[in-house]
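For reference, the chains in residue letters:
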Amino acid sequence: MATMNAPTPRPFSALLRSQRVWDTELPDFDPATAPPAPVPLFHAWFADAVAAGQPEPHAMTLATADADGLPDVRTLLLHDADERGFHFASHATSAKGHQLVARPYAALGFYWPSLGRQVRVRGPVVRCTPAESQADLHARSTGALAAALTGAQSDIVESVAALHRAADAAWERAQAEPDTEAPTWTRYVVEPAAVEFFQGDARRRHIRLRYRRPETATEAGTGAGSWAREMLWP
């Protein structure tokens, strides 16, 4: 019986170069029609991403820096975007929690490839009140509460078995005591100093619109809540 030869794996570089982006029709974006503040535009773009069937459009990258200034990044979920800023939550005792104590400043990144769109946010980070943090936790699922109760996030765990034991116990507690609190669970808000909207273009004529907090009274115009808007070269 003849033996079939297994296909030769493609070199990573060839595999990488074979990938394509935005293999679909992309929407237009006219910066002249953008609202005076970034959050309404973010809401509109988020709704567009949902309508386009973008998986997990609320997933975002969060970049922080530790006490030595070394960067760190991870993916988590957006909890809200309002006049205060962009909300997320985690344990205050986690790696990101310690980093935000040392350097309370962060950057966020959203990417919606179905529309060729990105949104970037930078600004200082503030902690919400304990009441807001616990309300945030209990507005989520049983699984989210169980995860919050499982253990010391970012600490070393000795084995998968130990992880499963702690997770199973936390799940049982979350089901039996749905109002229980996770004291270290903390809601944070990134107060945007700059928000950039990126609309991709198949011919690489990408549109980049940046909102930023005014640095001078002249830029501020008529109100303290005003934003300076500017287009950037792609």
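Quick look at the structure, then.

Rules used throughout
Residues numbered from 1 in each chain as written. Predicted model: local features only at pLDDT ≥ 70, side-chain atom pairs only at ≥ 80, totals over all residues. Heavy atoms only, no water. Phe/Tyr/Trp six-rings, centres within 6.5 Å; stacked < 30°, edge-to-face > 60°. Helix = DSSP H or I, 4+ residues; strand = E, 2+ residues; numbered from the N terminus. Buried < 20%, exposed > 50% of the residue type's maximum accessible area, 1.4 Å probe, protein only. Core = buried A, V, L, I, M, F, W, Y, C linked by side-chain atoms within 4.5 Å. Contact = heavy atoms within 4.5 Å. Salt bridge = Lys/Arg side-chain N within 4 Å of Asp/Glu carboxyl O. Expected span 1.5 Å × (residues − 1). Arc of directions from axis to C-beta. Pairing = 2+ DSSP bridges. Patch = residues over 30% accessible without salt bridge, like charges linked within 9 Å, V, L, I, M, F, W, Y side chains within 5 Å. Areas by Shrake-Rupley, 256 points an atom, 1.4 Å probe, with all protein chains shown as cover.

So, the packing of aromatic side chains
And then number 1: Enumeration according to the criterion identifies 13 aromatic pairs in this entry.
And then number 2: The interplanar angle of 45° and the centroid separation of 6.4 Å between the aromatic rings of Phe 86 and Phe 110 together place this pair among those described as tilted. Highlighted residues: Phe 86 in strand β4 (residues 85–91) and Phe 110 in strand β5 (residues 105–112), separated in sequence by 24 residues. Taken individually, Phe 86 and Phe 110 each receive the classification buried, so the pair is uniform in this respect.

A word on the nonpolar core
And then number 1: Counting 31 residues, the largest nonpolar core has Phe 42, Phe 86, Phe 88, Phe 110 and Val 119 as its most contacted members.
And then number 2: Breaking this core down by element, the ones donating at least two residues are α2 (38–51), β1 (59–65), β4, β5, β6 (117–127), β7 (185–190), β8 (194–199) and β9 (207–212).
And then number 3: For Phe 88, the contacting residues outside a window of four places in its chain are Met 60, Leu 62, Leu 76, Leu 77, His 79, Leu 100, Val 125, Thr 186, Arg 187, Tyr 188 and Val 190.
And then number 4: Ala 89, Leu 145, Ala 148 and Ala 174 belong to the second largest nonpolar core, which has 10 residues in total.

Structural notes on helix α5 (residues 142–150)
Structurally, the α-helix is built with 3.6 residues per turn, so residues lying three or four positions apart point the same way.
And then number 1: Turning to α5, its buried residues are Ala 144, Leu 145, Ala 146, Ala 148 and Leu 149.
And then number 2: On its buried side, α5 packs onto β4, α4 (130–138), α6 (160–176) and β7.

Considering the environment of Arg 103
And then number 1: On the secondary structure map, Arg 103 appears in the loop between α3 (95–102) and β5.
And then number 2: In this structure, Arg 103 is in contact with Ala 65, Asp 66, Ala 67, Asp 68 and Gly 69, ignoring residues within four places of it in sequence.

Looking at the side chain of Thr 186
And then number 1: Positionally, Thr 186 belongs in strand β7.
And then number 2: With residues near it in sequence (within four places) discarded, Thr 186 still touches Phe 88, Ala 89, Ser 90, Ala 92, Arg 127 and Ser 133.

Side note on the pattern of salt bridges
And then number 1: Tallying each qualifying case throughout the model produces 12 salt bridges.
And then number 2: Its salt-bridge partner being Asp 80, residue Arg 187 comes within 4.0 Å of it at the nearest N-O pair. You can see Arg 187 sitting in strand β7 and its partner Asp 80 sitting in strand β3 (residues 80–82), a full 107 residues away along the chain.
And then number 3: The exposure class assigned to Arg 187 is buried, which follows from its relative accessible area of 14%.
And then number 4: Exposure remark for Asp 80: the relative accessible area of 32% places this residue in the partly exposed category.
And then number 5: Residues joined in a network through salt bridges with shared partners are Asp 80, Asp 136 and Arg 187.

A closer look at α2
And then number 1: With 14 residues, α2 ought to run about 20 Å at 1.5 Å a step, and its terminal C-alpha atoms sit 20 Å apart, in line with that.
And then number 2: Listed as buried for α2 are Pro 38, Val 39, Leu 41, Phe 42, Trp 45 and Ala 49. Seen end-on, α2 carries its buried residues on one side only, within an arc spanning 155°.
And then number 3: Gly 53 lies just past α2 and shows a positive phi near 80°.

Overview of the pairing of β4
And then number 1: Burial analysis of β4 places seven of its seven residues in the buried class, which makes it a mostly covered element.
And then number 2: Pairing of β3 with β4 involves three bridges; the strand directions are antiparallel. Among the inter-strand pairings, Asp 82 is bridged to a residue of β4, identified as Gly 85.
And then number 3: Taken together, β3 and the strand that follows it, β4, pair antiparallel across an intervening segment of two residues.
And then number 4: Here β4 pairs with β7 via six bridges, running antiparallel.

Examining a nonpolar patch on the surface
And then number 1: A surface patch of nonpolar side chains, about 330 Å² in accessible area, is lined by Phe 12, Leu 15 and Leu 16.
And then number 2: With respect to the helices, strands and loops of the structure, Leu 16 is situated in helix α1 (residues 12–17).
And then number 3: A residue is classified by how much of its surface remains accessible, and Leu 16, at 51% relative accessible area, is exposed.

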